[in-house]
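# Understanding the architecture of this molecule
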Amino acid sequence: MGYRKFREFGIESFYCRPGIEGAHEKGGVEGQIGYFRRNHFTPVPEVDSLAELNELVDQWDLHDGRRRIGSRPRMIDEYFDVERPLLMPLPEEPFETGRLFTPRVDRYSQIAVRTNRYLVPVRLIGKRVRVVLHASHLVVYDRNVEVARHERLIAKGGCRLDLDHYLEALIRKPGAFPGATALEQARSAGKFTPVHDAWWAAAVKAHGDTAGTRALIEVLLLARHLPHEHLVAGLAMALRAGALTADAVALEARKIAQAEDEPAGTSGAATVTFLHEWRLAHLPPDTRPLPSVTHYDQLLRRRRTSDGEHREGEAQ
């Protein structure tokens, strides 16, 4: 299966000559792999993620390009410059290295991939989705649309949850939010910050447990359209001003984003404006003439005249 995929990708293959006659055909490649491993992976580098390790490998690779192999007169990069024009162009579509799965979403809005479980949006419960499993992460597709992306779990029996995927269900049942496992994972990952907790506590104090928690969930839904750092800054500004509504947080976050896009200048004290006031301030100018009550005045004059005539008739 893997060999056929390589052929479809445009790679031509051929067998080395067996025995001693073909021993020299790829020994240099194997030897350089060993050199790289001994010089860069011994001792084993300590990194926080696979992406960080890949960045180190790219730096080591660039450094090795300025190295000479044995007593050869040129460096590795110089030999590669000669070989580069002879290589075939890369295909337009990248080669997919992930493994494909098609699990069904259970009633808890989770899918099972290998020995672990991952959360997907609740609207997909009961549907079958397409999962591409990579070395460090997995991507979930509903048809051709990406609906979830998770860091891959290495240990067996783990569960990776994403608080964002639960929000539609939690906004209908806000009482389940404080004890949600996804909330604890979001705290551990730094996505749910102490600023969130402080704003939540103030909203609960002002509006009650249910309404305050629902307001926080509405704020979390804003993260789908606003950058995380702008949303956290908007929460802090709204908390400082005592504005405990999702509209106020959204407005402050957008003001911060707009301030970053504008050139540096003088900035005054931070204020909170409610969303409906902001909309009224940005309405187009009203060019219609002012209303007039002249026609009603004419009716009043007629009434006075008719009343006067009626009174004169009674006097006679």
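This structure is a prediction, so every number in the text was calculated from the model and none was measured.

### Considering the environment of Trp-199
- Following the sequence through the fold, Trp-199 ends up in helix H7 (residues 194-207).
- Classification of Trp-199 by relative accessible area gives buried; the value is 0%.
- Sequence separation between Trp-199 and Gly-212 is 13 residues; the distance between their C-alpha atoms is 9.3 Å.
- Discounting residues that sit within four places of it in the chain, Trp-199 has contacts with Ala-215, Leu-216, Val-219, Leu-235, Ala-238, Leu-239, Ala-243, Leu-244, Thr-245 and Val-249.
- Within the structure, the side chain of Trp-199 is placed 3.5 Å from the backbone oxygen of Ala-243, a separation counted as a polar contact.

### Comments concerning the sheet that holds strand E6 (residues 145-151)
- Ordered by their spatial adjacency, 4 strands build an open sheet running E1-E4-E5-E6, and the pairing between neighbours is antiparallel. Pairing within the sheet leaves two strands with one partner each, and these edge strands are strand E1 (99-101) and E6. Strand-to-strand twist across the sheet, computed as the mean angle between neighbouring axes with direction ignored, equals 20 degrees.
- Pairing of strand E4 (residues 130-133) with strand E5 (residues 137-142) involves 4 bridges; the strand directions are antiparallel. Note on E5: the bridge partner recorded for Arg-130 is Tyr-141.

### Quick notes on the pairing of strand E3 (residues 116-119)
- With 4 bridges connecting them, strand E2 (residues 110-113) and E3 associate as antiparallel partners. Each bridged residue has a counterpart across the sheet, and for Ile-111 the counterpart in E3 is Tyr-118.
- Linking two consecutive strands that pair antiparallel, namely E2 and E3, is a turn of 2 residues; a positive phi of about 55 degrees is found at Arg-114 within it.
- Here E3 runs beside strand E7 (residues 159-160); their pairing, made up of 2 bridges, is parallel. Paired with Arg-117 across the two strands is Cys-159, which belongs to E7.

### Digging into helix H6 (residues 181-188)
- For H6, the full list of buried residues reads Ala-182, Leu-183 and Ala-186. Projected onto a plane normal to the axis of H6, the buried residues spread over an arc of 100 degrees and lie on a single side.
- Its buried side turned inward, H6 meets helix H5 (163-170) and H7.
- Where H6 terminates, the next one or two residues include Gly-190, which has phi positive at roughly 85 degrees.

What counts, and where the lines are drawn
- Sequence positions are assigned chain by chain, starting from 1 and proceeding in written order.
- Predicted model: local features are reported for residues with pLDDT of at least 70 only, side-chain atom pairs are reported and counted for 80 or more only, and whole-chain, interface and lining totals are derived from all residues.
- Hydrogens and water are ignored here; the side-chain numbers use all heavy atoms of the structure.
- Only runs of H or I of at least four residues qualify as helices and only runs of E of at least two qualify as strands under DSSP, and these elements are numbered from the N terminus.
- Only protein chains enter the area calculation, which uses a 1.4 Å probe; residues under 20% of their type maximum are buried, those over 50% are exposed, and those in between are partly exposed.
- Whether two residues touch is decided by their heavy atoms; if any such pair falls within 4.5 Å, the residues are in contact.
- In protein, a polar contact means a hydrogen-donor-capable atom and an acceptor-capable atom, both N or O and within 3.5 Å, with residues adjacent in sequence counting only if both atoms are side-chain atoms; elsewhere, any N or O pair within 3.5 Å suffices.
- Strand pairing follows a simple DSSP-based rule, namely that at least 2 bridges must link the two strands.
- Angles run from 0 to 180 degrees between N-to-C directions of axes, and those axes are lines fitted to C-alpha atoms, restricted for helices to the stretch in contact.
- Along the arc lie the directions from the helix axis toward the C-beta atoms.

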